[in-house]
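# Architecture and fold: a report
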Amino acid sequence: MKRKHPLRRIVLGTAATVAGVVALLALKQPAGGQNVAGPPAGQAPPPVAATAPGAGGGAGGGQTVTGDVVDTQYGPVQVSVTMSGGKITAAQAVKTPNSGPRSEQIAKDSIPQLNQQAVSAAKVDTVSGATYTSEGYSKSLQSALDKAGTQ
């Protein structure tokens with residue numbers, strides 16, 4: 001009677017596990033920060049009027065300052081703010097994550113909430129389901145405020 005060797009099963013199991021791990025590692029990761037074709041459909045282009053960094057909040061219509069581009073796991077986020085009298089009077093996301101239909105939908109749902117929070121509150125909270133977008137938005141917003149000379 002021929003007996004099966006347990007070592008053969010161990011070798012085959014290990015080989016199958018290695019093959020599975022290699023297959024998982026070969027999966028394509030979401031593209032981050034690539035905005036080759038311009039802003040996604042339905043998104044406004046970057047504002048043209050931008051004042052010099054470090055200028056204080058001006059009178060009249062205010063000044064528009066665009067923050068740095070912040071790369072997130074699902075794409076870039078960039079915020080532009082209009083300030084008057086040291087306060088944010090308007091906020092707009094210039095760039096939003098665009099690595100796929102799902103990230104574009106999340107941005108479409110979360111960006112209006114983030115814009116509203118930036119105008120009405122001193123702190124932008126994370127929008128549920130849009131953690132990376134919210135974090136990128138907050139960082140870009142802070143850089144715009146730093147450029148405007150406001151902390």
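Heads up: these notes are all about the structure in this document.

Looking only at helices and strands, the protein features 3 helices and 4 strands. Listed N to C, the secondary structure of the protein is α-β-β-β-β-α-α in terms of helices and strands. The buried share of the protein, reckoned over its 151 residues, is 32%. Contacts in the protein between residues far apart in sequence, at least 24 positions, make up 51% of those at least 6 positions apart. For the protein, the accessible surface area stands at approximately 9600 Å², while carbon and sulfur atoms represent 58% of it.

The element strand 3 (residues 75-84) is extensively covered by neighbouring structure, given that 9 of its 10 residues are classed as buried. Taken together, the 4 bridges between strand 1 (residues 63-66) and strand 3 define a ladder with antiparallel strand orientation. Directly across from Thr64, in strand 3, lies its bridge partner Thr82. By the bridge criterion, 3 bridges tie strand 2 (residues 70-72) to strand 3 in an arrangement that is antiparallel. Note that in strand 3 the partner of Thr72 across the bridge is Gly75.

Moving on to the environment of Thr96. Here Thr96 lies in the loop between strand 4 (87-95) and helix 2 (101-120). Classification of Thr96 as buried rests on a relative accessible area of 11%.

Turning next to the pattern of salt bridges. Evaluated as defined, the whole model comprises 1 salt bridge. Across the pair Lys147 and Asp68 runs a salt bridge whose closest N-O atoms are separated by 3.0 Å. Pair noted here: Lys147 is in helix 3 (residues 131-148) and Asp68 is in the loop between strand 1 and strand 2, with a separation of 79 residues, a long-range link. Asp68 sits in the partly exposed class, given a relative accessible area of 40%.

Reading the values: rules and limits
Residues numbered from 1 in each chain as written. Predicted model: local features only at pLDDT ≥ 70, side-chain atom pairs only at ≥ 80, totals over all residues. Heavy atoms only, no water. Helix = DSSP H or I, 4+ residues; strand = E, 2+ residues; numbered from the N terminus. Buried < 20%, exposed > 50% of the residue type's maximum accessible area, 1.4 Å probe, protein only. Contact = heavy atoms within 4.5 Å. Areas by Shrake-Rupley, 256 points an atom, 1.4 Å probe, with all protein chains shown as cover. Pairing = 2+ DSSP bridges. Salt bridge = Lys/Arg side-chain N within 4 Å of Asp/Glu carboxyl O.

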